[in-house]
Amino acid sequence: MRNTTESNKYKKKILASSMLGLGLESMDIMFLSFVLSSIIAEFGISSAAGGSIVSITNFGMLIGGVVFGVLADKYGRIRIFTYTIFLFSAATALMAFADNIYFIYILRFLAGVGGGGEFGIGMALVAEVFSKQKRGRMTSWVTIGGQLGAIAAALLAALIIPLFGWRALFITGIVPVLLIFYVRRNLGETEEWKKAQTEIKKGKKKDSSLSKLFNTPKRAYTTAALTIMSTVQVAGYFGLMNWLPSILQEQLGLSVSGSSLWMISTIIGMCMGMLLFGQILDRFGAKTSYGIFLVASAASVFLYVFAQSAVTILIGGVIVGFFANGMNAGYGALISSFYPTEIRSTANNTIFNTGRAIGGLSPIAIGFFLDNYSITAAMAFLSTLYMISLIIILTLRNNPLKGMKHREKNASINS
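What you see is a predicted model; the values in this text were computed from it and never measured.

Basis of the calculations
- Each chain carries its own residue numbering, running from 1 in the direction its sequence is written.
- The predicted origin of the model limits local features to residues at a pLDDT of at least 70 and limits the giving and counting of side-chain atom pairs to 80 or more, whereas totals for whole chains, interfaces and linings rest on all residues.
- To obtain the side-chain values, all non-hydrogen atoms of the structure were included, while hydrogens and water were left out.
- Starting at the N terminus, helices and strands are each numbered in turn, a helix being any DSSP run of H or I of at least four residues and a strand any DSSP run of E of at least two.
- Exposure categories follow from relative accessible area, calculated using a 1.4 Å probe and restricted to protein chains: below 20% of the type maximum is buried, above 50% is exposed, and the middle band is partly exposed.
- In this description, accessible areas are obtained by the Shrake-Rupley approach with a 1.4 Å probe, and a residue is regarded as covered only by the protein chains that are shown.
- Every angle, taken between N-to-C directions, lies between 0 and 180 degrees, and every axis is a line fitted to C-alpha atoms, over only the stretch in contact when it is a helix.
- Oblique is the label for any angle not under 35 degrees, not over 145, and not in the 65 to 115 range, which are roughly parallel, roughly antiparallel and roughly perpendicular in turn.
- In what follows, a contact means two residues having at least one pair of non-hydrogen atoms within 4.5 Å.
- For this classification, the nonpolar set comprises Ala, Val, Leu, Ile, Met, Phe, Trp, Tyr, Cys and Pro, the charged set comprises Asp, Glu, Lys and Arg, and every other residue, Gly included, is treated as polar.
- Expected span, for any helix, means 1.5 Å times one less than how many residues it has.
- Two axes enter the definition of the bend at a residue: one is fitted to the seven residues ending there, the other to the seven starting there, and the bend is the angle between them.
- Each nonpolar core is a collection of buried residues, namely Ala, Val, Leu, Ile, Met, Phe, Trp, Tyr and Cys, held together in the definition by side-chain atoms within 4.5 Å.
- We call Phe, Tyr and Trp rings a pair once their centres come within 6.5 Å, taking the six-membered ring for Trp, and we label the pair stacked below 30 degrees between planes, edge-to-face above 60, and tilted otherwise.
- Only Lys NZ and Arg CZ are tested; either one counts as a charge over a ring when it is within 6 Å of the ring centre and within 35 degrees of the ring normal.
- N or O atoms within 3.5 Å of each other form a polar contact, as long as, within protein, one can give a hydrogen and the other can take it, and as long as residues adjacent in sequence are counted only when both atoms are side-chain atoms.
- By convention in these notes, a salt bridge is any Lys or Arg side-chain nitrogen within 4 Å of a carboxyl oxygen on Asp or Glu.

**A few points about the overall build of the chain**
Tallying secondary structure elements over the chain gives 16 helices and 0 strands in all. Buried positions account for 55% of the 415 residues belonging to the chain. In the form shown here, the chain has an accessible surface area of approximately 17,300 Å², with 67% of it arising from carbon and sulfur atoms.

**Some words on the packing of helix H11 (residues 286-304) against helix H16 (residues 375-395)**
The geometry of H11 relative to H16 is characterised by a closest axis approach of 8 Å and an angle of 170° between their N-to-C directions. Between H11 and H16, the crossing angle belongs to the class labelled roughly antiparallel. Residues Ala286, Lys287, Tyr290, Gly291, Leu294, Val295, Ser297, Ala298, Val301 and Phe302 of H11 lie in contact with H16, whose contacting residues are Thr376, Met379, Ala380, Leu382, Ser383, Tyr386, Met387, Ser389, Leu390, Ile393 and Leu394. Per-class residue counts for the contact of H11 with H16 are 15 nonpolar, 5 polar and 1 charged.

**Here we look at helix H5 (residues 135-164)**
In a regular helix each residue adds 1.5 Å, so 30 residues correspond to 44 Å; H5 covers 42 Å between its end C-alpha atoms and thus fits that length. By the largest-angle criterion, Ala157 marks the main kink of H5, which is about 30°. Within two residues after H5, Gly165 carries a phi angle of roughly 90°, on the positive side.

**Observations concerning the nonpolar core**
Counting 100 residues, the largest nonpolar core has Ile39, Leu226, Tyr290, Tyr339 and Tyr386 as the members making the most contacts within it. No other element matches helix H1 (residues 4-43), which puts 13 residues into this core. Membership of the second largest hydrophobic core comes to 5 residues, among which are Ile144, Cys271, Met274 and Ala329.

**Some details on the packing of aromatic side chains**
Considering all chains together, one arrives at 16 aromatic pairs under this definition. Each ring, one from Tyr102 and one from Tyr105, has its centre 6.3 Å from the other, and the planes form 75°; the classification is edge-to-face. With Tyr102 and Tyr105 both in helix H4 (residues 101-129), this residue pair falls 3 residues apart, about one helical turn. Judged by relative accessible area, which is 17%, Tyr105 ranks as buried. Sitting above the plane of the Phe119 ring, Arg356 keeps its charged end 5.9 Å from the centroid.

**Digging into the side chain of Asn325**
Secondary-structure assignment places Asn325 in helix H12 (residues 310-325). On the accessibility criterion, Asn325 (4% relative accessible area) is buried. In terms of polar contacts, Asn325 uses its side chain to reach the side chain of Gln233, at 3.4 Å. In contact with Asn325, other than residues within four places in its own chain, are Gln147, Gln233, Tyr237, Met270, Met274 and Val320.

**Concerning the pattern of salt bridges**
Going through the model one piece at a time under the given rule, you end up with 9 salt bridges. The closest approach of N and O atoms between Glu42 and Arg167, which form a salt bridge, is 2.7 Å. Of the two residues, Glu42 is situated in helix H1 and Arg167 in helix H6 (residues 166-171); the sequence distance between them amounts to 125 residues. Assessed through its relative accessible area of 23%, Arg167 is described here as partly exposed. Here Arg137 and Asp282 are joined by a salt bridge, their closest N and O atoms 2.7 Å apart. One end of the pair, Arg137, is in helix H5; the other, Asp282, is in helix H10 (residues 260-284), and 145 residues separate them in sequence. Taken together, the salt bridges that share partners define one network made up of Asp73, Arg77, Glu128, Glu192 and Arg344.

Note that every value here comes from positions in space, so none of it alone points to a role or purpose.
Encoded structure:
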């Protein structure tokens, strides 16, 4: 057992490592968005073939999430966490030496496998070392780490690509290896995971497995419901970030939507929303916090298409980012609250990466509405998704992560 001082230091190291892990993963994923046109031009491939690189990455995330989630529950969070970082770091760095599109497909799949595995393990670590009263706030900091990684990718791309080309950008992907050495030297497994393993060896608990996410009707419904919510979250994010700038530029003819100002304002809104959402989640519980943010997301997304000036576009970007992606901060805490320690990494990785794989297809759906209907119809589609997610969170049979006075009594429906 750790004393209080050592425990606090350990918690800070876990939080910092999880933030860095997600930040480096986000940086890796964002690299592709800055070099995709260059890859298409260099290898002479079609736009569809280029776009499939993103799909292959998302598919790798789903596979990696499931595989590494199970391994982390069985063999240890820290050990498997470092393996995932090494995999996406090495695959990213090797992109600098890819000489054909098939090699790129393989490397992006492997990068996705590593990145998909990292997410749920980091969230499980944070959930296990901080009290239930602080889970929302702490996981919000982890997701902010992801946003900082995206900003880092934009800065590196702006500095490196004009001088050295797109390949040099990927060489910086080797930097996350430094995190591996830090984690392996400074962090041990969580006490909660050790306790669960002891109980498994004594026969008091069963070992982790994917099937345990569906081993009762109640848990199967919870898993399906949280997967749909994750899908909606990712669909909204990719739909907005991929289409809104071009939609607003076409509608208003304003260059601001094609500049960095829109992206910066939206990311600022996201970070502010994440910080506040964590506070609301810890104080009032999941149903209240998600209820507020989902209704606000549905309204702000739909109303945003009526923006008529550069100022309203920027302010609207902050508001949409605040609500639509602010609630992303709570998924690690939300999913962790429903599942016991022995399957917590498996649950986080499987549920959110399934949502990422399916929700990542939302730009296709929005493109369909734009081609065949209107901008209003496309945004109404996203608003409808948020309302579906609202219905789902309200139908969950328990309200996890309630206010502080009720937490110990209602910590988890399945623990």
